[in-house]
Amino acid sequence: MRLRFMSKETGEELLHESRWEGELPRVGDVVELHDGATHRWVVEEVDWVFEDAPPDQKDDIPLRCAVILVGPEAAHEKVTEAHEVAADPHHDWRGRSNRRCVCGHPEDLHTPIRCTGKAGFCDCTGFVEATGP
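The rules behind each value
- Residues numbered from 1 in each chain as written.
- Predicted model: local features only at pLDDT ≥ 70, side-chain atom pairs only at ≥ 80, totals over all residues.
- Heavy atoms only, no water.
- Pairing = 2+ DSSP bridges.
- Helix = DSSP H or I, 4+ residues; strand = E, 2+ residues; numbered from the N terminus.
- Polar contact = N/O pair within 3.5 Å; in protein donor to acceptor, adjacent residues only side chain to side chain.
- Contact = heavy atoms within 4.5 Å.
- Axes fitted to C-alpha atoms, helices over the stretch in contact; angles between N-to-C directions.
- Phe/Tyr/Trp six-rings, centres within 6.5 Å; stacked < 30°, edge-to-face > 60°.

Visitor: Before we go on, may I ask you to explain the pairing of strand β4 (residues 38-50) in this structure?
Guide: If a strand is regular, its side chains alternate between the two faces of the sheet. One ladder, built from five bridges, connects strand β3 (residues 30-34) with β4; its direction is antiparallel. When the bridges of β4 are listed, valine 30 appears paired with valine 42. One ladder, built from nine bridges, connects β4 with strand β5 (residues 63-72); its direction is antiparallel. Across the sheet, phenylalanine 50 pairs through a bridge with leucine 63, a residue of β5.

Encoded structure:
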């Protein structure tokens, strides 16, 4: 999958990744972008860009890329280890669920009728908590 990391403030493209594998960054995640120097950024927004298609097309429209809008980490409150300890064992310090489904995706990628993992192409039809490692 193609990803474009862009500064939300300036619109400047910070990094273009043409062969991204695995989970996409989510809003609030801190990412390190290596463009010759290490910079840490906080994901502020994730947008999907689809190929151009006529308005009457009813088939699936191919995904062109994902645009990850980021802001500098320094502009956000730094997190200490004390904040990372969650009071609720089923949620992280941001309030997101840390439970995983049998399909391998986190609980917050699931809707009542399907999983939105793999860009919406996951075969899972609903959240079923995975047990064990």
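Now, onward.
Visitor: Where do I start with the side chain of serine 7 in this structure?
Guide: On the secondary structure map, serine 7 appears in strand β1 (residues 3-7). A distance of 3.2 Å separates a polar atom in the side chain of serine 7 from a polar atom in the side chain of threonine 10. Those residues in contact with serine 7 that lie beyond four places of it in its chain are Glu12, Leu14 and Val70.

Visitor: I tried to follow the sheet that holds strand β2 (residues 13-17) on my own but got confused; where do I start?
Guide: Working definition: the strands of a sheet are paired by backbone hydrogen bonds and lie parallel or antiparallel to each other. Taken together, the five strands give an open sheet; going across it, the order is β2-β1-β5-β4-β3, and neighbouring strands pair in mixed fashion. Every other strand in the sheet has two partners, leaving β2 and β3 as the edge strands with one partner each. Neighbouring strand axes in the sheet, compared pairwise and without regard to direction, differ in orientation by 40° on average. Pairing of β1 with β2, which is carried by four bridges, proceeds in the antiparallel orientation. The partner of methionine 6 across the bridge, within β2, is glutamate 13.

Visitor: I would appreciate a short explanation of the packing of aromatic side chains in the present structure.
Guide: Inspection of the entire model under this criterion finds one aromatic pair. Ring centres 6.0 Å apart and planes at 55° place the aromatic pair phenylalanine 5 and tryptophan 20 in the tilted group. With a gap of 15 residues between them, phenylalanine 5 in strand β1 and tryptophan 20 in the loop between β2 and β3 connect regions that are remote in the sequence.

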